[in-house]
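Letter by letter, the chains look like this.
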Amino acid sequence: METGKNSQTNVVRSYQRYLKLQRGFSPNTLDAYQHDLQKLLGYLEQEEKNVWDVQLDDLQHFASTLHDIGIHPRSQCRILSGVRSFFRFMQTDGWREDDPSELLESPVLGEHLPEVLSAEEVDKLEDSIDLSKWEGQRNKAIIEVLFSCGLRVSELVNLKLSSLYLDEQYVRVLGKGSKERLVPISPKAIRELSNWFYDRNLMKIKPGEEDYVFLNRRGAHLTRTMILIMIKQQAEIAGITKTISPHTLRHSFATALLEGGADLRAIQAMLGHESIGTTEIYTHIDMSTLRQEILEHHPRNIKKHEE
C-alpha cells in the first residue's frame, strides 16, 4: 500500500466521508473533528512522519505538546478522543493493521458536577410565569417539556407536532447525528402542552412553520438563543440565584431520575448519549440506588397518594 502524502490525503478524505455518511455527524461536528485532526497532522509534518509511521510514543508526545502549549485539559480530551476515532477507523477500514492509539490516555479532569434544579425549584420557576401574557403558557410548556423529557435545547426548538404521540405518552426526538429516539412524556407536560395548543391554534402561522411545536409571536419556530434568554430572565424573576440555562433542566431531568432509582442505561437512552461514560457524570448521587426504570421514578410521573 502506498503510504505517501497523497495516500494520507486519501485516508483523511475517507475518514471524513465515514463521519458524514456512517456516523451522520452534523456540519459543525465534522468541522470540529477536522480541525482537531489537523492539529495531529500538523504535528506529524513537523516530525516528518505520516499516519502510517505513528506509534504510541508519538501520540503520547503529541499529547504532551498539547499540554505544553496551554490547551485546556477538557479540550485536550476532545482532541485525543478524535485521534483515537481516526486510528480506529484506519484499522477497521484496512488502512493499518494496528491501532497505535489503543493505549493512549487522556488527562484526568477534575470532577465537574453540573448545576441542577430540584422539582420544587422547577415548580417555582413555572409558578413565576405571568400567564396573562401571550407567551406565558408557551414558556411554561417549554420549561416543563425540558424538565420532563430531558431534551437538548436544539431538540426542543426542532420538535414537531408530527413527532408527538400524546395518547401513548411519548415523543419522537431527532438528536445528534440525526439519530432518533423515543422519550416518555409526563402527564403534567402533556397538560401544559395542551394549554399551549389552545393559544397556538389562534395564531397566524408562517407557511412552512406549521409543524413546529413552539412558535414566536410572528408564527415562526423559536431559536436556541430565544429560549436561553427566556429561561435566564424567568430564573431572575423567580428569585433563583443559580446560574441556569436550558441545559440545566436536562441535567435536572437526569439527576431526578438517578435519585429516584432509575437505571443508568435507561437514563443514557432517554438522553440520547452515545456513550455510557457521558451519562456517568450523574453517578455522584448514589450508585446504590440504580434499580428501576425511568417512568417509575421521575417526579413528574409519580402519582401523589391523595390523587
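Numbers given to residues run from 1 along each chain, matching the order in which its sequence is written. Only residues with pLDDT of at least 70 get local features here, since the model is predicted, and only at 80 or more are side-chain atom pairs given and counted; chain-wide, interface and lining totals rely on the full set of residues. To get the side-chain values, take all heavy atoms of the structure and skip hydrogens and water.

J.: Could you give an account of the environment of G24, naming the residues involved and the relevant values?
T.: Structurally, G24 is set in the loop between α1 (5-22) and α2 (27-46). Here, two residues are considered to be in contact whenever any of their heavy atoms come within 4.5 Å of each other. Every residue in contact with G24, bar those within four places of it in the chain, is listed here: L19, G177 and S178. Every helix listed is a DSSP run of H or I at least four residues long, and every strand listed is a run of E at least two residues long, numbered separately from the N terminus.

J.: Lay out helix α5 (residues 119-127) in plain terms, naming residues and giving numbers.
T.: At 3.6 residues per turn, the α-helix brings residues three or four places apart onto the same side. Relative accessible area decides the class of each residue, using a 1.4 Å probe on protein chains only: under 20% of the type maximum gives buried, over 50% gives exposed, and in between gives partly exposed. By the burial criterion, the buried members of α5 are A119, V122, L125 and E126. Around the axis of α5, the buried residues are gathered within 115 degrees of arc, so they sit on the same side. Along α5, the residues that are exposed and aim more than 90 degrees away from the buried face are E120 and D127. Structurally, α5 contributes buried residues whose contacts are with α6 (136-149), α8 (187-200), α9 (224-238) and α10 (246-260). It is the directions from the helix axis to the C-beta atoms whose arc is reported.

J.: An account of the packing of aromatic side chains is requested, with residue identities and associated values reported.
T.: Centres within 6.5 Å are what make two rings of Phe, Tyr or Trp a pair, Trp counting through its six-membered ring; a difference in plane orientation under 30 degrees is then read as stacked, over 60 as edge-to-face, and the rest as tilted. Tallied over the full model, the rule gives 11 aromatic pairs. Taking 6.0 Å as the distance between ring centres and 90 degrees as the angle between the ring planes, the aromatic pair formed by W134 and W196 counts as edge-to-face. In this pair, W134 is assigned in the loop between α5 and α6 and W196 in helix α8, connecting sequence segments 62 residues apart. The class for W196 is buried, based on a relative accessible area of 0%. Geometrically, a charge over a ring is one whose NZ (Lys) or CZ (Arg) sits within 6 Å of the ring centre while staying within 35 degrees of the ring normal. One Lys or Arg, K160, reaches over the ring of Y212 and ends 4.7 Å from the middle of that ring.

J.: Summarise the environment of H273; cite the residues concerned and give the values.
T.: In this structure, H273 sits in the loop between α11 (264-271) and α12 (276-279). Sequence spacing of H273 and G175 is 98 residues, and the spatial spacing of their C-alpha atoms is 9.4 Å.

J.: Run through the packing of α6 against α9, naming residues and quoting values.
T.: To obtain each axis, a line is fitted to C-alpha atoms, and for helices this fit is confined to the stretch in contact; angles are then taken between N-to-C directions over 0 to 180 degrees. Running from amino to carboxyl end, α6 crosses α9 at an angle of 95 degrees, the nearest separation of the two axes being 11 Å. By the angle class used here, α6 and α9 are roughly perpendicular. Counting all contacts with α6, which are made through N139, I142, I143 and L146, the residues of α9 involved are I227, M230, I231 and Q234. To sort the angles, those under 35 degrees are grouped as roughly parallel, those over 145 as roughly antiparallel, those from 65 to 115 as roughly perpendicular, and the leftovers as oblique.

J.: Can you explain the sheet that holds strand β1 (residues 164-165)? Please cite residues and give values.
T.: The sheet built from three strands is open, its strands ordered β1-β2-β3 with antiparallel pairing. The sheet terminates laterally at β1 and β3 (180-184), the two strands that pair on one side only. Paired strands, in this sense, are two strands between which DSSP finds at least two bridges. In this structure, β1 lies alongside strand β2 (residues 170-174), joined through two bridges in antiparallel fashion. Bridging across to β2, L164 finds its partner in V171.

J.: I'd like a description of the pairing of β2, backed by residues and values.
T.: Remember that side chains alternate between the two faces of the sheet whenever the strand is regular. Along β2, the buried face is formed by V171 and V173; none of Y170, R172 and L174, which line the opposite face, is buried. Count of turn residues in the β1/β2 antiparallel hairpin: four residues, of which Q169 carries a positive phi of about 65 degrees. Sheet topology places β2 next to β3; five bridges connect them, and they run antiparallel. Of the residues in β3, the one forming a bridge with R172 is L182. Remark: five residues form the turn of the hairpin made by β2 and β3, two consecutive strands paired antiparallel; G177 in that turn has positive phi of roughly 70 degrees.

J.: Any chance you could break down the pattern of salt bridges for me, citing the residues and the numbers?
T.: The term salt bridge refers to a side-chain nitrogen of Lys or Arg lying within 4 Å of a carboxyl oxygen of Asp or Glu. Applying the stated criterion across every chain yields a total of 12 salt bridges. E121 is the partner of K242 in a salt bridge, and the nearest nitrogen-oxygen pair spans 3.0 Å. With K242 in the loop between α9 and α10 and E121 in helix α5, this residue pair connects regions lying 121 residues apart in the sequence. In this structure K242 comes out as partly exposed when scored by relative accessible area, which is 28%. Accessibility expressed as a relative area gives 21% for E121, which makes it partly exposed. A salt bridge links R181 to E155; the nearest nitrogen and oxygen atoms lie 2.8 Å apart.

J.: Tell me what's going on with the confidence of the model for the protein, and back it up with residues and numbers.
T.: Confidence per residue, as judged by the predictor, is encoded in pLDDT with a range of 0 to 100. Looking at the protein as a whole, its pLDDT mean stands at 84, while 85% of the residues score no less than 70. Here residues 284-294 scores under 50 on pLDDT; set against residues more than four positions off or in separate chains, the count is 24 contacts.

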